[in-house]
Structures are given as structure tokens and as C-alpha cells.
Amino acid sequence: MAKSIHEMSSWNASVQTSRPPDDEWQSTRAVGAATQIMGDQEAYLGNAPRDIGRHLGNGQWELFVVCDANEALQQQFEHLAPEFIAIHDVGAASSRRLLGGVASALGANVQRLTIRRQGHGVALATLEFVELQVGAGKPAVRLYTTETDADTQVREALARVLLAHSRLGVVMVGDLPPHAMSSALAPLREMLNRPGWHNRQLLMLPLSTSGTLAGLATQLGAGTGITVRTTPHVARPADAWTFISGAWNRLGESAASTIAALPEFKPRPRPAPTTGAPTVAAAPNVVPLPMQPMPEVPKAGPRLANTAETPVAHFVRQCGEIKGMVSCCVFEASTQKTIAHAGARPGPAALASQGASLFAAMLDAAKALGLGHAPPDAALTLAAHHIVLRALPHRPGLVLHAVLDRNVANVTLVQRQLQRLEELLEPPIA
């Protein structure tokens, strides 16, 4: 069961959506309910004229298309012109956690819009969102995450469409080293400078205490006509919602704007104990306080090492701190299972998949040329990046796949640093 946004003490809280109770069907057995005559099928299904997709019930929506998923979604946005919020992750995976917390605060589930191919029913992509009711007679405001279930190319295209047509774009930036943050923001910078970008409000939420993001955010919006604001450090999902709702409500203060204020979620009261123990009466006239950003906790000293961290995870974390490192992961060559990851994009799944393909191709080439069966150690140079692919010593079947910024990293020096870090990987105890 998902935790409410106020019960999440960090971004590592549960992201699972609430499961309906097993006896939910019993509510349909009410006796004496009056029969209602619906005017048409759309009224029966509860579809508003401005909804994107057809509501199937239980938080499920479908949209059948004859073109690509991103093109179809763009056509829907241009035709219906809905006002919504899009949350995008850069070097983080927090937007889905935020959606789960907001849904729990509403007592609802995260809803899913599945885009399917017309005539075949094949799912092209699945988007997740939460509907925020902003007042009687007013259309609900959808809160989308750009972390969609689709292949990499479609997911990136959908993220651009969602951000480009949102009334407020929210970018959650993870704990990245300064040299990697600029590279991680490069795809977003490219989005902003492409034609067809309608969004004029971006809110940057740093999930780390580093002050690097503020300067990069200023450069991001320079010359684009887009207002880019950076909030203080966001430590909890409740803090993130405070900044998001505040930014949205400020948009509604303009006389020319018709958007409605977002609801302010307050922690739910704890249920009274059901045991026979005596209870203490609640104090009268107690009003829950509105959410406020938590003050930054002062650092008391050097951070203690994570004693539960595995040697491979520690190795990857050290690799992520190498100058010029953009993203790296260790994966199993046979199953493409990610063991540990550090950095921004490409993400761990893409690194594992493409790394396994490259690794297998080099092994096959070596065998075909009669050059032996030893695991390859490769360094490839692309237009703007270096790719390093090498098997880990003392860890049979595990491979490191690293992507580095060519303008920053020296690939020869990086290989030497990797060799020194590999000394951390002692042979496992038999």
C-alpha cells in the first residue's frame, strides 16, 4: 500500500499504488438503487468532452491511434488544449514516487492511459497520472510523469510532448556531480530549442544540496522566453508538492489566467485504536497546519560510509566520481541484469542492453578471427562521448559499461583509474 505524501520521509519510500480492498465489489450489492438512464455511451463511461482517452473504469484509460504514440498525444493536446502539469526526471527516478504520494493523499490510485494501435490493440505506451479535483464545475488538472512504459525512443518523444504542452513543467534533478549535471541537462536544453515548444514555465527541483543547478538553470532558459525557476533543496515528497502547488497557484494570480488553485493536502488523522485500552480525547479546535518546506539540516560532520553497500555497488559509485563520467553500470552479460548504476542517462537498462550486445559482438568477432576467447576490454570514441566496456576481474560474467564526456575525460587516464578501482573487487570467499 502506498504511503501518503506526508508519510514519506525520503525519496526512497514505497511507490506502489494502493490496492483496492478485496471486498470492494460488495458495494455494488446495494439494494434499492434507482436505475439511471444515460444519454449516450460516453456519459455512461464517465468521459468528459475534454478527456484524453476513454475511461474503462478502475483508473484505466485507453486511446486507440493510427500513428506513433507521441504524434497522437500531441494531436490530442493541440485539439483539446488541456492545462496540466508534467514532472520529468533528470538523473533521478522520483516522479513516480511523487505521484504515488499525491494519489495516497487524495485517497485515490495512480491512473494509467494506454495508447494502443488501432485495429491491433498492441500497447505502444502507458502513461501514468493523477487527477486533481480543483473545484465544482471545473475540469480536473492532470499531473503526469514523463517516465512512461515504452521503448527508449518512444519514451523520449513522449517526454518532450508532455513537457512542451504542459502549463507547468517540473524537472526533478538528482544528486549528480557538477561535471555530469551539464551533460544530463543537455537533452532538455535541446528540447527547449526545438520548434513546437509551447511551455513557458519550468520549475527545477534539486534533490541534492549542490548549488550547481541554479547557474545551469539560468543558462537553460537564456534566450528562449521560458521562465526557469530553481527551488531550494527538496528533501521529501511533501516539500516537492509545496513548491509545485505554489508555482501553479502563482500562475492563476494573473488576471488573464483561468486556472484553478490546486488542493492543499494535509496529513490524514490517525484512526482511533480498536483495542480496549483507554483513549485520550483529542484537543478541541485543532486545525492541521499547512505544509511548509523543511529547513535544511546542518551537516554535523563527514558522512559515514554505507556499511551495507556491496563491493560492486561501491566500485560503481567510485566510477561515477571519475572526471567526465556521464553514466556507468555493471551488468550480467548473460541476462542483462543491472547490478549497480551511477550517473544520469543513458539509464541502467539501456546501458545493460546495448553493452551486452557490444560485448557479445566483440566476443564473436574474436572467435571468428581466431584471436582467442578472453573477455574484451574496449574503448570506443564517438562524436561527443567515449564508451568503455570491460569485464570485471574476480567477478565472472559481470561487465562494466561506462559513457564519458569526450570534452572532459581522457580515456587513457580513465582506464588507469578503473584498473586501480578494480582492486576493490577482491575475490569472493569460496
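Residues numbered from 1 in each chain as written. Predicted model: local features only at pLDDT ≥ 70, side-chain atom pairs only at ≥ 80, totals over all residues. Heavy atoms only, no water.

**Student:** Would you take a moment to explain the sheet that holds strand E10 (residues 325-332) for this structure?
**Tutor:** The strands making up a sheet associate through backbone hydrogen bonding, with each pair oriented either parallel or antiparallel. Reading across the sheet, the five strands line up as E11-E10-E14-E13-E12 and stay open at both edges, with antiparallel pairing between neighbours. The open sheet has two edge strands with one neighbour each: strand E11 (338-343) and strand E12 (377-381). For this sheet the average axis-to-axis angle between neighbouring strands, irrespective of direction, equals 10°. Bridge analysis of E12 against strand E13 (residues 385-391) gives five bridges, and the strand direction is antiparallel. Bridging across to E13, Asp377 finds its partner in Arg390. This element, helix H9 (residues 348-368), spans E10, E11, E12, E13 and strand E14 (398-405) of the sheet and lies at about 65° to E10. (Pairing = 2+ DSSP bridges. Helix = DSSP H or I, 4+ residues; strand = E, 2+ residues; numbered from the N terminus. Axes fitted to C-alpha atoms, helices over the stretch in contact; angles between N-to-C directions. Contact = heavy atoms within 4.5 Å.)

**Student:** Hey, could you run me through the sheet that holds strand E9 (residues 227-230) in this one?
**Tutor:** On the basis of which strands lie adjacent, the open sheet formed by nine strands has the order E1-E2-E4-E5-E6-E3-E7-E8-E9 and mixed pairing. Only two strands of the sheet have a single neighbouring strand rather than two, namely strand E1 (54-57) and E9. Neighbour to neighbour, the strand axes of the sheet diverge by 25° on average, direction disregarded. Pairing geometry for strand E7 (residues 168-173) and strand E8 (residues 201-206), over five bridges, is parallel. Along E8, the bridge assignment pairs Val171 with Met204. Sheet contacts for helix H4 (residues 152-165): strand E3 (85-90), strand E5 (123-132), strand E6 (141-145) and E7; angle to E5, the most-contacted strand, approximately 35°. Helix H5 (residues 178-192) contacts E3, E7 and E8 of the sheet and is inclined by roughly 165° relative to E8.

**Student:** Help me understand the pairing of E1, please; the structure alone is not making it clear to me.
**Tutor:** As a general feature of sheets, a regular strand has side chains that alternate between the two faces. The pairing of E1 with strand E2 (residues 60-65) spans three bridges and is antiparallel. By the bridge assignment for E2, His55 is matched with Trp61. What sits between E1 and E2 in their antiparallel hairpin is a turn of two residues, with Asn58 showing a positive phi close to 55°.

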